[in-house]
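So the chains spell out like this:
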4 protein chains.
Amino acid sequence: MKKTKAAILGASGYSGQELIRLLLRHPHVEITGFTSRQYAGKPVAEIFPRFRGQTDATFSEPNVERISADVAFLALPHGTAAEFAPALLKKGIKVLDLSADFRLKSATVYKEYYEHDHPAPQLLAQSVYGLPELYRDQIRGAQLVACPGCYPTSIILGVAPAIKKGLGKPESIIATSLSGVSGAGRKVVEEYLFTECNESARAYGIPKHRHLSEIEQEISLLAGSSVAVSFSPHLVPLNRGIVSTIYMTLATKPADALAVYREYYKDEPFVRVIASLPDTKNVAETNFCDISVRVDPRTNRLIVVSALDNLTKGAAGQAVQCLNLVCGYEETSGLLP
Amino acid sequence: MKKTKAAILGASGYSGQELIRLLLRHPHVEITGFTSRQYAGKPVAEIFPRFRGQTDATFSEPNVERISADVAFLALPHGTAAEFAPALLKKGIKVLDLSADFRLKSATVYKEYYEHDHPAPQLLAQSVYGLPELYRDQIRGAQLVACPGCYPTSIILGVAPAIKKGLGKPESIIATSLSGVSGAGRKVVEEYLFTECNESARAYGIPKHRHLSEIEQEISLLAGSSVAVSFSPHLVPLNRGIVSTIYMTLATKPADALAVYREYYKDEPFVRVIASLPDTKNVAETNFCDISVRVDPRTNRLIVVSALDNLTKGAAGQAVQCLNLVCGYEETSGLLP
Amino acid sequence: MKKTKAAILGASGYSGQELIRLLLRHPHVEITGFTSRQYAGKPVAEIFPRFRGQTDATFSEPNVERISADVAFLALPHGTAAEFAPALLKKGIKVLDLSADFRLKSATVYKEYYEHDHPAPQLLAQSVYGLPELYRDQIRGAQLVACPGCYPTSIILGVAPAIKKGLGKPESIIATSLSGVSGAGRKVVEEYLFTECNESARAYGIPKHRHLSEIEQEISLLAGSSVAVSFSPHLVPLNRGIVSTIYMTLATKPADALAVYREYYKDEPFVRVIASLPDTKNVAETNFCDISVRVDPRTNRLIVVSALDNLTKGAAGQAVQCLNLVCGYEETSGLLP
Amino acid sequence: MKKTKAAILGASGYSGQELIRLLLRHPHVEITGFTSRQYAGKPVAEIFPRFRGQTDATFSEPNVERISADVAFLALPHGTAAEFAPALLKKGIKVLDLSADFRLKSATVYKEYYEHDHPAPQLLAQSVYGLPELYRDQIRGAQLVACPGCYPTSIILGVAPAIKKGLGKPESIIATSLSGVSGAGRKVVEEYLFTECNESARAYGIPKHRHLSEIEQEISLLAGSSVAVSFSPHLVPLNRGIVSTIYMTLATKPADALAVYREYYKDEPFVRVIASLPDTKNVAETNFCDISVRVDPRTNRLIVVSALDNLTKGAAGQAVQCLNLVCGYEETSGLLP
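Residues numbered from 1 in each chain as written. Chains lettered and ligands numbered in written order. Predicted model: local features only at pLDDT ≥ 70, side-chain atom pairs only at ≥ 80, totals over all residues. Heavy atoms only, no water.

## Some thoughts on the overall build of chain A
The condition that has to hold: Helix numbering and strand numbering both begin at the N terminus, where a helix is a DSSP run of H or I of at least 4 residues and a strand a DSSP run of E of at least 2. Only C-alpha atoms enter the radius of gyration; for comparison, a globular chain is expected to reach 2.2 Å times N to the power 0.38, where N is the number of residues. Throughout, a residue-residue contact means that at least one pair of heavy atoms, one from each residue, lies within 4.5 Å. We get accessible surface area from the Shrake-Rupley algorithm with a probe of 1.4 Å; when it comes to residues, only the shown protein chains can shield them. Two residue types count as positive, namely Lys and Arg, and two as negative, namely Asp and Glu; His and chain ends fall outside the count. A charge is said to be at NZ when it belongs to Lys, at CZ for Arg, at CG for Asp and at CD for Glu.
A tally of regular secondary structure across chain A gives 10 helices and 13 strands. What you see for chain A is a C-alpha radius of gyration of 19 Å, in line with the 20 Å of a compact globule of 337 residues. Taken along the three principal axes of its C-alpha coordinates, chain A extends 60 × 45 × 40 Å. Taking the intrachain contacts of chain A between residues at least 6 apart in sequence as the baseline, contacts between residues at least 24 apart amount to 69%. As displayed, chain A has an accessible area near 11100 Å², and 48% of this comes from carbon and sulfur atoms. The centroid of the 36 positive side-chain charges in chain A is displaced by 2 Å from the centroid of its 34 negative side-chain charges.

## Re the interface of chain B and chain C
Defined as follows: Accessible surface is computed with a 1.4 Å probe, and the buried area is the amount of it that two parts give up when combined, taken over both parts together. Counted as salt bridges are all cases of a side-chain nitrogen of Lys or Arg within 4 Å of a carboxyl oxygen of Asp or Glu.
In this complex, chain B contributes 21 residues to the contact, which on the side of chain C involves 21 residues. Interface area lost by chain B to chain C is led by E190, F194 and N239 of chain B, which between them contribute 36%. Our count for the contact surface shared by chain B and chain C stands at four salt bridges. A salt bridge links E190 of chain C to R186 of chain B; the shortest N-O distance between them is 3.1 Å.

## Examining the relation of the copies chain B and chain A
Put simply, the rule is: The copies are overlaid by a least-squares fit using only the C-alpha atoms of residues whose pLDDT is at least 70 in both copies.
When chain B is fitted onto chain A, the two copies agree to an RMSD of 0.0 Å after a turn of 180° and an axial shift of 0.0 Å. Expressed as a symmetry operation, the mapping of one chain copy onto the other fits a two-fold axis. A shared binding surface is used by both copies, with 100% of the interface residues of chain B retained as interface residues in chain A.

## Description of the interface of chain B and chain A
Formally: Any pair of nitrogen or oxygen atoms within 3.5 Å is treated as a polar contact; in protein, a donor-acceptor pairing is required on top of that, and neighbouring residues in sequence qualify only through side-chain atoms on both sides. Amino acid classes used here: Ala, Val, Leu, Ile, Met, Phe, Trp, Tyr, Cys and Pro are nonpolar; Asp, Glu, Lys and Arg are charged; the rest, including Gly, are polar.
In this assembly, 47 residues from chain B lie in contact with 47 residues from chain A. Surface buried jointly by chain B and chain A totals about 3700 Å² across both partners, of which 55% is contributed by carbon and sulfur atoms. Across the chain B-chain A interface, the total number found is six salt bridges. One salt bridge connects E196 of chain A with K281 of chain B, and the closest N-O pair in it is separated by 3.3 Å. Applying the counting rule to chain B against chain A returns 23 residue pairs in polar contact (both at pLDDT 80 or more). Taken together, the residues of the side of chain B that touches chain A break down into 23 nonpolar, 11 polar and 13 charged.

## Points about the sheet that holds strand β4 (residues 94–97) of chain B
All names here are of chain B. Selection criterion: Whether two strands pair comes down to DSSP finding at least two bridges between them.
As summarised here, the arrangement of the six strands in space is β2-β1-β3-β4-β6-β5, forming an open sheet in which the pairing is parallel. For this open sheet the edge positions go to β2 (29–35) and β5 (128–129), each flanked by a neighbour on one side alone. Sheet topology places strand β1 (residues 4–9) next to β2; six bridges connect them, and they run parallel. Of the residues in β2, the one forming a bridge with A6 is I31.

## Focus: the relation of the copies chain B and chain C
Mapping chain B onto chain C is achieved by rotating through 180° and translating by 0.0 Å along the same axis, at an RMSD of 0.0 Å. Most of the interface of chain B is mirrored in chain C: 100% of its interface residues are interface residues there too.

## Let's talk about the sheet that holds strand β8 (residues 202–203) of chain B
Residues and elements named next belong to chain B. To be explicit about the condition: Orientation is described by lines fitted to C-alpha atoms, with helices fitted over the stretch in contact, and by angles between N-to-C directions that extend from 0 to 180 degrees.
Here we have seven strands laid out as an open sheet, ordered β8-β9-β7-β10-β13-β12-β11, and mixed in their pairing. Of all the strands in the sheet, just β8 and β11 (271–273) have a single pairing partner and so form its edges. Of the pairings in the sheet, the one linking strand β7 (residues 174–179) to strand β9 (residues 230–235) comprises six bridges and is parallel in character. Note on β9: the bridge partner recorded for S177 is P233. Helix-sheet contacts for helix α6 (residues 150–164) involve β7, β9, β10 (242–249), β11, β12 (289–296) and β13 (301–308), and the interaxial angle to β10 is about 35°.

## Re the environment of I93 of chain D
Residue and element names in this part refer to chain D. Applied cut-off: The buried label goes to any residue with under 20% of its type's maximum accessible area, the exposed label to any with over 50%, and the partly exposed label to all in between, with areas taken from a 1.4 Å probe on protein chains only.
With respect to the helices and strands, the residue I93 is situated in the loop between α3 (81–90) and β4 (94–97). Judged by its relative accessible area of 2%, I93 is buried. Separated by 87 residues in the primary sequence, I93 and A6 place their C-alpha atoms 9.3 Å from one another. With residues near it in sequence (within four places) discarded, I93 still touches I67, A69, D70, V71, A72 and L88.

## Quick look at the packing of helix α4 (residues 107–114) of chain B against helix α8 (residues 212–223) of chain B
Residues and elements named next belong to chain B. Where α4 meets α8, the axes come as close as 10 Å, and the angle between the chain directions of the two elements is 145°. Residues V109, Y113 and Y114 of α4 pack against L212, S213 and E216 of α8. Of the residues contributing to the contact of α4 with α8, the split by class is four nonpolar, one polar and one charged.

## Section: unusual backbone geometry
The amide bond that connects I206 of chain B to the next residue, P207 of chain B, takes the cis arrangement and shows omega of 5°. Tracing the backbone through its elements, the reader meets P207 of chain B in the loop between β8 and α8. Positive phi is not limited to glycine here, since E285 of chain A has a value of about 60°. As for its placement among the helices and strands, E285 of chain A is situated in the loop between β11 (271–273) and β12 (289–296). With a phi close to 60°, E199 of chain B is a non-glycine residue in the positive phi region. Residue position: E199 of chain B is located in the loop between α7 (194–197) and β8.

## Re the pattern of salt bridges
Residues and elements named next belong to chain B. On inspection of all chains with the given rule, the structure shows 84 salt bridges over all chains. Notably, a salt bridge pairs E331 with R136, separated by 2.8 Å at the nearest N-O pair. Pair noted here: E331 is in the segment after α10 (312–327) and R136 is in helix α5 (residues 132–140), with a separation of 195 residues, a long-range link. A single burial state applies to E331 and to R136, both of which are buried.

Here it is, written out as structure tokens:
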């Protein structure tokens with residue numbers, strides 16, 4: 001079978017690195033382009049020595065003209081991704097965007113949260129939110145997939161069964177998330193230095209982190225009405241991983257909330273509903289999202305805990321899962337441990 | 001001035017180690033006993049090499065008969081502390097208990113949460129909850145001080161101004177906490193091995209962690225009515241530190257919640273109300289609790305974030321602060337950085 | 001093609017866990033036994049939640065009678081492994097031993113370093129040291145393979161080209177190694193608690209660590225004469241990885257030591273000779289050993305630095321590499337990233 | 001007693017931060033200046049929130065004209081420090097330089113290692129190497145003290161007794177050091193990001209790290225002849241701490257090397273000779289250097305292991321110890337735990 005040609009734009013960040021890791025071992029994909037403004041001209045294996053012996057490729061300047069691919073992954077900053085997408089689509093290249101640029105339906109909300117005009121608002125209508133567990137069929141036929149953020153994936157997968165099965169009240173959602181430092185990307189700023197992050201735990205972005213925009217959009221769609229959510233991200237000293245602990249007021253007294261969750265996700269290859277509370281270490285470098293749930297009769301609340309790897313199910317792995325759908329491959333191709 | 005003689009029972013755990021650190025430099029205290037069942041007969045500086053050159057003392061078996069002290073710190077497991085307290089008090093030794101044994105007013109609640117009968121229920125009535133910010137005057141005259149747990153300190157200090165000043169509704173409190181691993185004590189069990197905790201973040205003890213009992217007791221006292229609280233502790237890979245992020249439904253629209261907090265704590269030597277969000281690294285090895293607050297008009301909630309060192313303000317430092325009150329010393333003696 | 005049946009004895013330690021990870025994805029192997037005294041009767045995926053969805057197997061008591069396998073991996077403590085090996089071999093099961101029991105040619109040296117009599121000295125003569133880069137042909141025909149320790153692998157691979165190509169003097173070797181904490185195994189002892197290891201770096205086992213016995217045996221064999229080596233292991237706060245920095249007095253003035261190393265290892269699938277200095281993070285969870293080399297004319301010394309993952313190339317990965325040789329599979333089967 | 005006025009130039013780096021920590025609690029010092037180009041005009045407690053409540057000072061531009069102090073600490077990059085020193089000295093301000101600028105006797109060696117001409121070679125002759133254990137008397141009378149680097153302190157203190165007491169041969173010294181990431185300073189570069197350093201251990205700067213120049217200078221002075229040394233620094237994932245493991249060929253068969261070391265350092269307040277191997281965690285945030293020693297008859301080598309905190313005894317603490325000597329205070333003032 002002919003392999004799908006994939007280009008990675010922005011291949012030298014952490015999501016780019018994870019895309020390389022996953023695609024190098026994907027049975028149906030060949031990487032035909034690795035772009036990086038910063039490292040153009042340098043061998044990929046020099047910048048990421050872990051890939052020595054696995055690829056001889058060299059980073060190149062991002063240049064749509066020269067990209068020869070069936071599919072392009074955009075591991076670029078928001079704002080930049082939307083500048084590349086139109087030309088790629090025009091060339092007939094399908095786009096899997098890992099940035100925030102095409103996740104929101106509304107250019108107004110985009111501007112509110114990202115503080116600049118949307119560079120390509122005409123594409124918002126055709127973009128599909130790349131969360132296979134919710135939008136599998138639409139992703140299959142999509143030209144432009146907007147892969148969700150890491151926090152939103154952990155929270156939306158966590159609350160979807162509770163909302164759809166009537167366990168919890170959507171308008172009561174409060175989500176606290178803990179993230180490893182790679183979630184901030186490979187940005188070279190003081191606050192992400194080792195000595196600043198090690199032995200440090202802290203909240204940030206309260207009460208209006210940018211990811212809140214897509215969290216509320218998707219939860220509102222699940223709930224069938226507009227919903228405001230409390231979301232508090234925290235930075236903790238680990239490389240990879242997100243844990244989200246989510247509270248909802250009970251809408252009913254469930255006999256067995258865990259069974260409801262298990263049933264809801266029983267056919268999902270990458271969601272594992274488990275009895276014990278999830279731990280980031282059990283999902284690190286995998287595409288799994290582990291979820292557990294507790295009912296607290298004392299406070300009349302449902303508490304959901306989810307864990308995933310922010311670079312895999314929270315970014316590159318999810319994008320590859322979407323590629324598998326877009327290209328008609330087995331959904332788990334290249335993604336099992 | 002004659003120094004206060006202090007004995008540390010259970011001196012070889014992490015709270016014991018922190019007590020040693022603080023008391024060795026306390027200007028008005030002399031440590032006259034270091035007990036440890038496990039290490040009896042061994043030099044303190046052999047078990048804790050950081051104290052080499054600072055003390056020549058040796059650990060001894062815990063034996064009330066032989067303890068010669070004005071004050072005894074109990075850094076013992078719950079259940080055990082309550083076995084030692086009566087005899088110490090009988091000898092006229094004041095007791096600063098770091099365990100959970102004398103924190104609850106009700107022996108019934110104690111049994112519900114700690115799963116054994118209270119060994120000395122007759123002492124519960126006289127015990128004072130050792131949180132100086134709430135009970136300064138009572139601590140001054142106390143024979144038996146029950147120093148609060150690390151999580152409760154971070155949460156109670158976080159919500160007290162909101163409740164007392166009418167900013168938030170006590171019955172709506174949801175608290176998520178992140179703790180460093182020393183919070184689990186020096187228990188030699190698999191789940192606290194380095195390889196199990198490093199690169200791991202996880203929730204545990206949901207929805208009914210033992211500390212919930214004292215959290216609810218104290219919040220109910222602050223609120224003037226019985227209140228149920230949601231509390232979710234998390235374990236993150238750092239040695240020391242707790243961050244608590246606490247949500248409350250607004251009871252009013254505060255003009256300036258931060259100003260209310262600043263005013264409330266303006267005379268407290270160890271509470272720092274700050275504009276930026278607290279970080280464990282800024283309170284490590286100090287007795288400070290840093291607190292900040294945000295108002296979220298979108299969700300009508302108040303969000304409080306507090307940070308402290310679980311071994312200092314969350315355990316040994318707080319106990320020394322209580323000792324200073326009990327003995328009539330400057331409250332900050334031996335505790336400033 | 002019929003799969004090789006493999007049993008893992010001692011499957012609940014860290015080497016066992018890594019064997020499970022590697023064998024679950026090995027195309028030619030089926031795991032037919034997971035033994036663990038501690039966890040017998042419990043599902044593998046309960047003890048190692050990362051394997052949820054990948055295996056339904058249960059740990060069983062180690063019992064040679066009941067083991068049905070072509071090959072057995074012994075991930076057992078030294079002393080114990082040698083008790084199981086004879087019966088397994090008698091049943092016609094090939095043995096890949098990850099313990100120290102069959103690495104030494106001399107039962108006397110074994111007793112000197114391991115402080116007990118060798119339980120099965122009669123097998124020492126037939127055992128092959130499982131370092132494919134040195135003993136590939138012998139491993140192919142072996143019934144009993146003694147996979148090297150993690151430190152020895154990093155040091156022997158580091159010095160072999162220098163000795164065989166006459167760059168350095170074997171009798172001058174000084175090796176300093178840094179190891180992640182998983183190298184100590186899953187032993188539940190105080191010194192490996194998170195709070196003891198985090199923010200800690202320390203030497204241990206100086207000057208006569210147990211691994212020195214096999215390091216000297218193999219270096220003496222390479223050198224053709226008996227050689228004493230200085231070896232200083234250090235514990236550093238990371239989960240996985242070993243870096244060894246090795247000094248040798250130059251035996252010649254090499255024009256290009258790196259080229260000599262590259263040539264020496266040019267056909268090795270798992271040794272990467274690189275220009276930059278190795279970093280554990282680039283070999284984590286891989287079977288690669290990265291090596292670089294520097295010549296210091298000022299001190300007339302050769303300095304070699306090697307890095308590998310102590311659980312993969314330093315334990316389970318190397319054992320799987322040996323299995324591939326023993327079974328006649330492609331040497332890299334199941335081992336590429 | 002009137003306090004000594006101290007200015008800290010370059011107060012916003014990690015050494016500057018540690019100087020602030022130590023001087024804020026020093027009984028005889030008042031900080032009269034905190035300079036920082038980057039943060040001029042900002043409150044010290046905003047940049048270092050751990051100092052909230054301890055100082056109301058503001059960072060200012062470095063400007064010798066405006067500095068009013070008895071003593072100036074230079075926590076500046078090499079090259080920059082030497083630009084400030086002459087003017088400060090001219091104003092009669094004593095200089096405690098934490099940079100490399102005045103450590104070497106030779107401007108030629110300086111240029112060889114630091115790759116630029118020395119900005120103030122005329123001061124090299126009067127500068128005193130600020131290692132109190134070797135140069136206590138000279139420091140007492142010095143106008144310009146060049147505080148040693150972190151690696152050199154750990155290595156020179158480690159070998160001094162062996163050289164002076166004839167235990168080991170100076171020309172055989174090989175030193176391997178492990179450093180926490182704060183040793184690199186607060187430089188905002190990719191290689192020091194949390195995600196790059198965590199789960200990473202690596203050698204760097206082999207075979208000619210800049211600190212080698214002062215290591216060899218001082219060891220040659222101790223030995224009475226010119227000596228070349230092998231030195232290999234490593235970066236390990238901890239905030240603070242250096243461990244150095246040093247090998248020397250035995251010059252004699254010592255009956256009790258540890259006793260020789262104990263005797264040599266018996267009057268030193270900040271060197272602790274210990275039987276067990278040193279651990280960075282036992283010296284963190286202290287001015288102690290812990291040293292142990294082993295004799296290996298098999299290889300005829302002495303192995304010394306030392307540990308210190310790179311920011312305290314390896315930088316700021318040592319500078320304060322020198323200040324105490326320069327000002328005639330108790331040498332331990334402000335420096336005991």
